[in-house]
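Understanding the architecture of this molecule
One-letter residues, chain by chain:
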Amino acid sequence: MRAFWGMRIDDPWHDALATGGAEVHGTPVDTPPRRTAPPPRREPVPSAVHGVYPTVQRSAAFRQVRRRYRRFALPASAAFLLWYLGYVLLAVCAPGLMARPVAGVLNVGMVAGLAQFATTFLLTWLYARHARLRRDRLALELRWETQDMARGAVAAAGGPGGAASGTIGEAAR
């Protein structure tokens, strides 16, 4: 495919259509589509690793990360949902209130609608701050320990890599 300034544009999605045919400008329909290299193969996960994750899920550190997440996410989601439903209900049930002017052509409904956007950005910022201050460090420690346990399980099963073991309780501090 050539752009109007004569430069070739390589677009792998341009040559092959969803039907599998190759309909490029000036190319016969019976021309086979261009083949690309297959994606790299991923090694299968050893069966010994599968026992690590239930162990991690039962750990105190994992429960603490989940508890901290739920203590923020559930009340914040409920409050935002109530605020949004309240806005919609006021718009439907109290159009006179929503039409009341605040300043010039700006009315209560417009202010409440703009406040929905502001609330969304505020809630996103609060969530990111909460995650950074309350959960990210514990989750990262838990992730490293899980990786160490998985490597240890592979090594104990006779797979590649060295033996390593982690204690899940350290992340609960």
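I will try to describe carefully the structure that is included in this document. Predicted model only: the values in this text are computed from it and were never measured.

Okay, the overall build of the protein chain next. Along the protein chain, the regular secondary structure elements total five helices and two strands. Across the 173 residues in the protein chain, those meeting the buried criterion constitute 20%. Taking as baseline every contact in the protein chain between residues at least 6 positions apart, the subset at least 24 positions apart corresponds to 54%. Here the protein chain displays about 13,300 Å² of accessible surface, and carbon together with sulfur accounts for 63% of that area.

Now for a nonpolar patch on the surface. Together, Val 102, Leu 106, Met 110, Val 111, Leu 114, Phe 117 and Phe 121 line one region of the surface with nonpolar side chains, adding up to about 690 Å² of accessible area. Looking at the nonpolar patch element by element, the count peaks at five residues for helix α5 (residues 108-156). Mapped onto the elements of the fold, Leu 114 is located in helix α5. Leu 114 gets classed as exposed once you look at its relative accessible area, which sits at 54%.

Here we come to the pattern of salt bridges. Applying the stated criterion across every chain, the model contains one salt bridge. In this structure, the salt-bridge partner of Arg 151 is Asp 148, at a minimum N-O distance of 2.9 Å. Of the two residues, Arg 151 and Asp 148 are both situated in helix α5; the distance of three residues between them amounts to about one turn of the helix. Classification of Asp 148 by relative accessible area gives partly exposed; the value is 26%.

Time to look at the environment of Ala 48. You can see Ala 48 is positioned in the loop between α1 (12-15) and α2 (52-57). In this structure the C-alpha to C-alpha distance between Ala 48 and Ala 153, which are 105 residues apart in sequence, comes to 5.6 Å. Discounting chain neighbours no more than four positions away, the residues touching Ala 48 are Ala 153 and Ala 157.

Quick look at the side chain of Ser 59 now. By the element assignment, Ser 59 lies in the loop between α2 and α3 (60-93). Within polar-contact distance, the side chain of Ser 59 engages the backbone oxygen of Val 56 at 2.6 Å.

With 49 residues, α5 extends 66 Å between its outermost C-alpha atoms, agreeing within 8% with the 72 Å of an ideal straight helix rising 1.5 Å per residue. Most pronounced at Arg 135, the bend in α5 amounts to some 55°. Downstream of α5 by one or two residues, Gly 158 has phi in the positive range, about 90°.

Listed in full, the six residues of the largest apolar core are Val 52, Val 56, Ala 61, Leu 142, Met 149 and Ala 153. For this core, the elements supplying multiple residues, two or more each, are α2 and α5. For this core, the leading source of residues is α5, giving three residues.

By relative accessible area, which is 7% here, Ser 59 ends up buried. Among the polar contacts made by the side chain of Ser 59, one reaches the main-chain amide nitrogen of Phe 62 at a distance of 3.3 Å.

Thresholds applied
- Residues numbered from 1 in each chain as written.
- Predicted model: local features only at pLDDT ≥ 70, side-chain atom pairs only at ≥ 80, totals over all residues.
- Heavy atoms only, no water.
- Helix = DSSP H or I, 4+ residues; strand = E, 2+ residues; numbered from the N terminus.
- Buried < 20%, exposed > 50% of the residue type's maximum accessible area, 1.4 Å probe, protein only.
- Contact = heavy atoms within 4.5 Å.
- Areas by Shrake-Rupley, 256 points an atom, 1.4 Å probe, with all protein chains shown as cover.
- Patch = residues over 30% accessible without salt bridge, like charges linked within 9 Å, V, L, I, M, F, W, Y side chains within 5 Å.
- Salt bridge = Lys/Arg side-chain N within 4 Å of Asp/Glu carboxyl O.
- Polar contact = N/O pair within 3.5 Å; in protein donor to acceptor, adjacent residues only side chain to side chain.
- Expected span 1.5 Å × (residues − 1).
- Bend = angle between axes of the 7 residues up to and from the residue.
- Core = buried A, V, L, I, M, F, W, Y, C linked by side-chain atoms within 4.5 Å.

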